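Each chain, letter by letter, is given below.
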Amino acid sequence: MQYGYGVIGVVVMFESMGLPLPAETLIISSALYCAATHQLDIGWVAVAAIAGAIMGDNFGYLIGRSFGFRLLERHGAKVCLTPRRLLLGRYLFRRHGGKVVFFGRFIAILRVFAALLAGANRMPWHTFLFYNALGGIGWAGGYAFGTYYLGHQVLNISGPVGLTLGAIALLVIGSGFVFLKRNEVRLTEEATKAAEREQHSSAHHRDRQHAGRHREGEQA
């Protein structure tokens, strides 16, 4: 069973580096498995997930910092990092920096690409490491222990009451998941539109400056 911890850590690490893997689902299902069978230790599941999250993000940061936006623009589409998402990433890091690294842990799109974009945007490493560690602990540890204790309490209650509470818990979790996903899409769309407006405004400003310099040259 010790290999299970390694699998959790590796999957979470690779997702944090930028590969679209189901790390969140793996953490939740592993925590439920711990609660139901006790064949894995929830503490080590959490440690493996947190370590994988922090390590993966740091590798992703180094890749983004070393190769920058040229590599991401050329090959990012292979890992679903489209030009629109690159534009969104630049906008978010200019405006919010550390908050994107921390809260991005809880948003699927940002979780996969935050480290790469942080490195490409030249975010200071010590700042990135601080918010990355906080986000990794809150996300991986929170999901692991929260799911485990919820599942454990439901399993300890037998009969119709346990089934009823289990159904209610699943309904609440499912409703919360749907709410977060809907708002994730809405917030992402709003931020992307704002980034596109900012890009168009910057391009228009550059064109006006260029035209002004051209007129000055003609008058001279």
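Refer to the preceding data block for the structure.
Residues numbered from 1 in each chain as written. Predicted model: local features only at pLDDT ≥ 70, side-chain atom pairs only at ≥ 80, totals over all residues. Heavy atoms only, no water.

Caption draft 1: Structural context of the overall build of the protein chain. When you go through the protein chain residue by residue, the secondary structure sums to eight helices and zero strands. In the protein chain, the order of α-helices and β-strands from amino to carboxyl end is α-α-α-α-α-α-α-α. For the protein chain, buried positions account for 38% of its 220 residues. Sequence separation of at least 24 residues holds for 80% of the intrachain contacts in the protein chain that already meet a minimum separation of 6. Only carbon and sulfur atoms are counted for the fraction: they give 66% of the accessible area of the protein chain, which is about 12,900 Å². (Helix = DSSP H or I, 4+ residues; strand = E, 2+ residues; numbered from the N terminus. Buried < 20%, exposed > 50% of the residue type's maximum accessible area, 1.4 Å probe, protein only. Contact = heavy atoms within 4.5 Å. Areas by Shrake-Rupley, 256 points an atom, 1.4 Å probe, with all protein chains shown as cover.)

Caption draft 2: Spatial organisation of unusual backbone geometry. Notably, histidine 38 is not glycine yet its phi reads approximately 60°, a positive angle. Within the element layout of this structure, histidine 38 appears in the loop between helix H2 (23-37) and helix H3 (42-75). Of note, the phi angle at arginine 122 is positive, near 60°, even though the residue is not glycine. With respect to the helices, strands and loops of the structure, arginine 122 is situated in the loop between helix H6 (108-120) and helix H7 (125-156).

Caption draft 3: Structural context of a nonpolar patch on the surface. On the surface, Val10, Phe14, Leu19 and Leu21 cluster together into a nonpolar patch covering about 280 Å² of accessible area. Inspection of the secondary structure assignment puts leucine 19 in the loop between helix H1 (2-17) and H2. (Patch = residues over 30% accessible without salt bridge, like charges linked within 9 Å, V, L, I, M, F, W, Y side chains within 5 Å. Salt bridge = Lys/Arg side-chain N within 4 Å of Asp/Glu carboxyl O.)

Caption draft 4: Broad picture of the nonpolar core. Counting residues in each nonpolar core, the largest one holds 21 residues, and the members touching the most others are Val12, Ile27, Ile42, Val45 and Trp139. Per element, the largest residue contribution to this core is seven residues, and it comes from H3. Counting residues in each nonpolar core, the second largest holds 18 residues, with Leu72, Leu86, Val101 and Ala115 among its members. (Core = buried A, V, L, I, M, F, W, Y, C linked by side-chain atoms within 4.5 Å.)

Caption draft 5: Layout of the side chain of asparagine 132. Among the secondary structure elements, asparagine 132 is positioned in helix H7. Taking the relative accessible area as the measure of exposure, asparagine 132 reaches 0% and is therefore buried. A distance of 3.5 Å separates the side chain of asparagine 132 from the backbone oxygen of isoleucine 54, its partner in a polar contact. Those residues in contact with asparagine 132 that lie beyond four places of it in its chain are Ala53, Ile54, Asp57, Asn58, Val101 and Arg105. (Polar contact = N/O pair within 3.5 Å; in protein donor to acceptor, adjacent residues only side chain to side chain.)

Caption draft 6: Layout of the side chain of serine 30. Turning to its location among the elements, serine 30 is positioned in helix H2. Within polar-contact distance, the side chain of serine 30 engages the backbone oxygen of leucine 26 at 2.7 Å. Setting aside its immediate chain neighbours within four residues, serine 30 contacts Ile8 and Val45.

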